[in-house]
Amino acid sequence: MSTMALSVFDRGIDYAGFRPHPITGPAAHGAKFVIRYSAGVGNTRHTTQWKLCGRDELHRLLRAGYDVIANSEWYESRVTEGAKAGTADGAADLAFWRERGLARGASIYVSWDEGQPDHHRHGRLAAYLAAYQRALNGHYHVDLYAGDVAIADMRARGLIRYGWRAMADAWSDNGHFFKPGADWRDHAAKVRQVSAAHLWQNGNRWFEGQADEDVILRLPVGSHREAASAGHPSLRPDPVR
C-alpha cells in the first residue's frame with residue numbers, strides 16, 4: 001500500500017478490540033486511514049486495555065501506509081463532567097499519545113457518545129474541552145466526536161478545530177443520512193452541505209461489524225501525517241461551505 005496524502009471523501013475505519021491485518025485488511029477494502037483509541041484517565045484501567053492503541057500499533061499502521069487519527073473515549077458521559085475531568089484526561093492522553101509517537105500538532109478527538117442534542121450539558125462539555133486543551137500543553141489539539149449540534153457550538157466557542165460527526169442523525173438535527181449500504185459517496189456529499197464536521201461516521205460496518213466506516217468531509221482532519229508534514233503550528237481547516 002503506497003502512502004498518499006488524504007483527500008476529501010477518502011474512507012477509513014475506527015475500531016476497538018478488532019485487530020485487522022494491515023495489508024490484507026482495511027487497505028483491501030479502500031481504507032486510507034485508521035482511527036484508534038486512548039481513554040484519558042481510563043488508560044490505566046484494566047477494563048479499557050482491550051481497546052487501546054498498542055505501544056507499537058501507530059508505527060505499524062504508518063509503515064503499512066495508513067494515516068492515523070487519535071480518538072479518546074473512556075465512557076459515554078465522561079466529557080460532560082467538567083473541567084476537573086478534562087484536566088485529568090488531557091494529561092493522561094498527552095502521555096499516552098506521546099509515548100506512541102503521535103506527531104506534535106495532531107488532533108485527539110474526544111468522544112461524546114450518548115444521546116444528543118442536549119444544550120443543557122454544553123457548558124460542562126465546554127469546560128471539559130478547555131481544561132483538556134490546557135493539559136495538552138500545546139503538544140496536541142482537542143477536537144470532538146459528537147452530533148453536529150455540539151460540534152457547531154464548540155467550534156463557535158473556539159474550543160475545537162474539527163468535528164467528527166457521529167452516525168446517529170438525531171444528534172445532528174439536520175437531516176436523515178443514516179442509510180448503511182447506500183451510495184456512501186453521494187450521501188457524504190449531501191452531509192458535507194449541511195455539516196461543519198470534517199469526518200463522518202456513516203453507519204457502514206466492515207469486518208462483520210467489528211469496524212465502523214468513516215469518510216473525510218473536508219480537510220485537514222488533524223491526522224498524524226498532516227501534523228508531521230506541517231511541522232506543528234495550527235492546521236488551518238478549509239472554510240465550511
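Residues numbered from 1 in each chain as written. Predicted model: local features only at pLDDT ≥ 70, side-chain atom pairs only at ≥ 80, totals over all residues. Heavy atoms only, no water.

J.: Whenever I open this one, the overall build of the protein chain confuses me. Can you help?
T.: Each helix and strand counted, the protein chain has 6 helices and 8 strands in total. Reading the helices (α) and strands (β) of the protein chain from amino to carboxyl end gives β-β-α-β-α-β-α-β-α-β-α-β-β-α. In terms of C-alpha radius of gyration, the protein chain reaches 16 Å, essentially the compact-globule figure of 18 Å for 241 residues. Judged by the C-alpha coordinates and their principal axes, the protein chain covers about 45 × 40 × 35 Å. (Helix = DSSP H or I, 4+ residues; strand = E, 2+ residues; numbered from the N terminus. Rg over C-alpha atoms; globule rule 2.2 N^0.38 Å.)

J.: Explain unusual backbone geometry to me, please; I cannot follow it from the model alone.
T.: Glycine aside, residues mostly have negative phi, and peptide bonds are mostly found in the trans state. At the junction of Gln 116 and Pro 117, the peptide bond is cis and its omega measures out at -5° in the coordinates. Relative to the helices and strands, Pro 117 is located in the loop between strand 4 (107–111) and helix 3 (122–136). For the peptide bond that leads from Leu 219 to Pro 220, omega is -5°, which places it in the cis range. Tracing the backbone shows Pro 220 in the loop between strand 8 (211–216) and helix 6 (224–230). The backbone of Phe 207 sits at a positive phi, close to 55°, despite the residue not being glycine. Secondary-structure assignment places Phe 207 in the loop between strand 7 (199–206) and strand 8. Under the relative-accessibility criterion, Phe 207 is labelled partly exposed at 22%. We note that Glu 208 has phi near 55°; this positive angle belongs to a residue other than glycine. (Buried < 20%, exposed > 50% of the residue type's maximum accessible area, 1.4 Å probe, protein only.)

J.: Explain the pairing of strand 3 (residues 67–72) here, please?
T.: A regular strand carries its side chains on alternate faces of the sheet. For strand 3, the tally of buried residues reaches 6 of 6 residues, placing the bulk of the element in the interior. Of the two faces of strand 3, both are covered, the one formed by Asp 67, Ile 69 and Asn 71 as well as the one formed by Val 68, Ala 70 and Ser 72. Here strand 2 (residues 31–38) runs beside strand 3; their pairing, made up of 6 bridges, is parallel. Looking across to strand 3, one finds that Ser 38 is bridged to Ser 72. The parallel pair strand 2 and strand 3, bridged by helix 1 (residues 57–63), forms a crossover whose chirality is right-handed. As paired strands, strand 3 and strand 4 are joined by 3 bridges and run parallel to one another. Opposite Ala 70, over in strand 4, you have Ile 108 as the bridge partner. Remark: the strand 3/helix 2 (residues 83–100)/strand 4 crossover connection has right-handed handedness. (Pairing = 2+ DSSP bridges. Right-handed = clockwise from strand over helix to strand, strands pointing away.)

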